[in-house]
Each structure stands twice: as structure tokens, then as C-alpha cells.
Amino acid sequence: MTAARKLRELLKGNETLIAPGAYDAWTARLIAESGFPVVYMTGYGVSASVLGKPDIGLITLAEMADMARNIVDASGDTPVIADADNGYGGLMNVMRTVALYEQAGVAAIQLEDQVTPKRCGHMEGKEVISKEEMVAKIRAAVAARKDPDFCILARTDARAVNGFEDALDRALAYEKAGADIIFFEAPRSVEEMRTVGKTLSVPLLANMVEHGKTPLLPAQELFGIGYRIAIYPVSALYIATKAVKEFLGRLAQDKTSETSLEQMVDFPTFNNMIHLHEIRALEQSFLE
């Protein structure tokens, strides 16, 4: 079963799929090995990890496609939903982006209706392209995929720019254009989320950003109002950032890492987690 087919089968289940955000291959492996059904590749996190820069359209297609390939490899059999920003250009760029992401092995590609340069969905100052231009991008994405199971995930950022009704109208148009999953970014209330769930027919994705614009709801409640996927794109990034900052503060103060040992995994444990022994055994098998 392909990753795309597996994702489609999972979407038919009776619970909301929780997809933590991976910003590199190691976080993807940790997510997959923790038993989560889906990994979400976050552009926000990749931009921070690769560039040390905010999610304001600086990361390139080549960098994102490379990270998608590494994350897919690290995720094993767990399907990956991968952020592809606004497709990195016009219609032909969108088709190339879809081709590269499909080659990387992701199960679903996320495309948004923002202008270039784009912004993180919960930042201020966003702008969106016309509904007609985004519909054309979705049609181009559908035409570009080779595997019909490969999912086109269309995101609208219009709620913060043009208001709720325009965003809902766009979401309906994107569904009609062939999007397999709809990502209605940054609804402001549970009632808005409920309305989106009642209006659209395809699976919906909820973006659970801590301290963002959308209410944080438990998965059971999300399922009840029509959402089939809940991404937590920045949670692991924020947890890791806090832990590293705290460690660096202790190291600067104590001049030794010994006072931080209880907050660390040890050397043998990490080597086991990263599968060193299996790789060494495989290497040895070729020498015998």
C-alpha cells in the first residue's frame, strides 16, 4: 500500500488523525516511532531549522523538497503531509512542485492561496491571490500528480484578509476544483469551525497552533464538528527550543553540563534510538 493510499484509508476512520509537526528527519522519526498515524512537515519549522529564519517565504522549493525526502525516509511506513507553501510560483511551478513532492514519497501536498512572499498562517500582514488563480493552481496540481491517491490539500488564508464568508466561498471553490483535503486557516471561534465542517464535504484539517488564532480543541471534539486531521505544527519545535535554551543557560552559568544530565538521554540510549546497532549489523553482514 502506498503512503497516499494509506492516508486515504486512515481518513475513513472514526477518529481525528493527530499529526505532530516535524521540522527535520529526527523529529519525523520520533513522531513515527511514538505511534502517531501521520507526520506533518511544517514549513514554519523547516525555515527555522534550515535557515534560522522566520516563515516569510525565504525557504526554497529545492530546500523543502530535500527535507520532504529526508522526512519521508525517516518516517518509515507513516504517511507524511508536506507543506509546499504557495507552490513556489505560477501554474507550471505548482506542477513541478507536485512532481518533486510526489517523487519524495509524501502522501499529501499542502498548497495555499497566499501571494509571494508568503507568511505563516497566524502572522499578520498576509495577502491572498484571487480565488480564480488558486482554483487554477489546484487544477494544475491535480493534473500533475501521477498517483491518483496522492492527496492535494488546499489551504485558504483568506479568513484573516477578506473575512469568514470569502474564505468559506474559496474553500468550496477549492473543493470543487479537485482538492482532496481542505485546510481553512485560522478560524476565530468554535462556531466558525463548526460552520466550515457543516459546509464542506471533503476531509478537513484543523491547525492547532498554541497561542494562535484558532481555539485549541481536543481531537474528540474536532472529530465531532467535522475535522479528520489535526496538525500540531510547531509544538515539538517550541518544546525543543525551550529545552535547548534552558540547557544553554545552565551551561553558561555552571560551566559544566553535569548539572543537566537528568534532562538528557544518555549516549547508549540515543545510539539505540537512532538505530546505530542495526546499521552496524547490516554493514557487518556485507563483510562476512
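Residues numbered from 1 in each chain as written. Predicted model: local features only at pLDDT ≥ 70, side-chain atom pairs only at ≥ 80, totals over all residues. Heavy atoms only, no water.

As annotated in an unreviewed UniProt entry, the protein chain carries the name 2-methylisocitrate lyase and comes from [Clostridium] asparagiforme DSM 15981. Taken from UniProt, the Function (unreviewed entry) comment for the protein chain reads in full: "Involved in the methylcitric acid cycle. Catalyzes the cleavage of 2-methylisocitrate to yield pyruvate and succinate." A UniProt comment under Catalytic activity (unreviewed entry) is attached to the protein chain, and it reads "3-hydroxybutane-1,2,3-tricarboxylate = pyruvate + succinate". (UniProt positions renumbered as here; feature names shortened; annotations may be inferred.)

Trainee: Now, about the pattern of salt bridges: what can you tell me, with residues and values included?
Mentor: Scanning the model with the defined rule gives 20 salt bridges in all. For the salt bridge of Glu112 with Lys118, the shortest nitrogen-to-oxygen distance reads 3.6 Å. Here Glu112 matches Lys118 in class, with each residue buried. Across the pair Asp113 and Arg170 runs a salt bridge, and its minimum N-O distance is 3.2 Å. Taken together, the residues Asp113 in the loop between strand 4 (108-112) and helix 6 (131-144) and Arg170 in helix 8 (residues 164-177) connect sequence positions 57 residues apart. In terms of burial, Asp113 and Arg170 fall into one category: buried. (Salt bridge = Lys/Arg side-chain N within 4 Å of Asp/Glu carboxyl O. Buried < 20%, exposed > 50% of the residue type's maximum accessible area, 1.4 Å probe, protein only. Helix = DSSP H or I, 4+ residues; strand = E, 2+ residues; numbered from the N terminus.)

Trainee: Pulling in residues and values, what's your account of the side chain of Glu102?
Mentor: Its place among the elements puts Glu102 in helix 5 (residues 91-104). In this structure, Glu102 is buried with no salt-bridge partner, the nearest side chain bearing the opposite charge being Lys146 at 7.1 Å. If sequence neighbours within four positions are ignored, Glu102 has contacts with Ala144, Arg145, Lys146, Asp147 and Phe150. (Lys, Arg positive; Asp, Glu negative; His and termini not counted. Contact = heavy atoms within 4.5 Å.)

Trainee: Provide a residue-level description of the packing of helix 8 against helix 9 (residues 190-199), including the pertinent values.
Mentor: Close contact between helix 8 and helix 9 brings their axes to 11 Å; oriented N to C, the two are set at 25°. With respect to their mutual orientation, helix 8 and helix 9 come out roughly parallel. For the crossing formed where helix 8 meets helix 9, the hand is right-handed. Residues Phe164, Leu168 and Leu172 of helix 8 form the contact with helix 9, whose own contacting residues are Glu192, Thr195, Val196 and Thr199. (Axes fitted to C-alpha atoms, helices over the stretch in contact; angles between N-to-C directions. Parallel < 35°, antiparallel > 145°, perpendicular 65-115°, else oblique. Left-handed = near helix turned anticlockwise from the far one by under 90°.)

Trainee: Give a detailed account of helix 6, specifying residues and quantitative values.
Mentor: Here helix 6 spans 20 Å end to end across 14 residues, near enough to the 20 Å set by a 1.5 Å rise per residue. When helix 6 is considered as a whole, its buried residues turn out to be Met134, Val135, Lys137, Ile138, Ala140, Ala141 and Ala144. Packing partners of the buried residues in helix 6 comprise helix 5, strand 4, strand 5 (151-156) and helix 8. (Expected span 1.5 Å × (residues − 1).)

Trainee: Explain the packing of helix 5 against helix 6 residue by residue, including any values.
Mentor: With their axes 8 Å apart at the nearest point, helix 5 and helix 6 run at an angle of 40° to one another. When the interaxial angle is binned, helix 5 and helix 6 end up oblique. Two packed elements cross with a definite hand, and for helix 5 against helix 6 that hand is right-handed. Along its contact with helix 5, which presents Leu91, Val94, Met95, Val98 and Glu102, the element helix 6 presents Ala136, Lys137, Ala140, Ala141, Ala143 and Ala144. Partitioned by chemical class, the residues of the contact of helix 5 with helix 6 number 9 nonpolar, no polar and 2 charged. (Nonpolar A, V, L, I, M, F, W, Y, C, P; charged D, E, K, R; others polar.)

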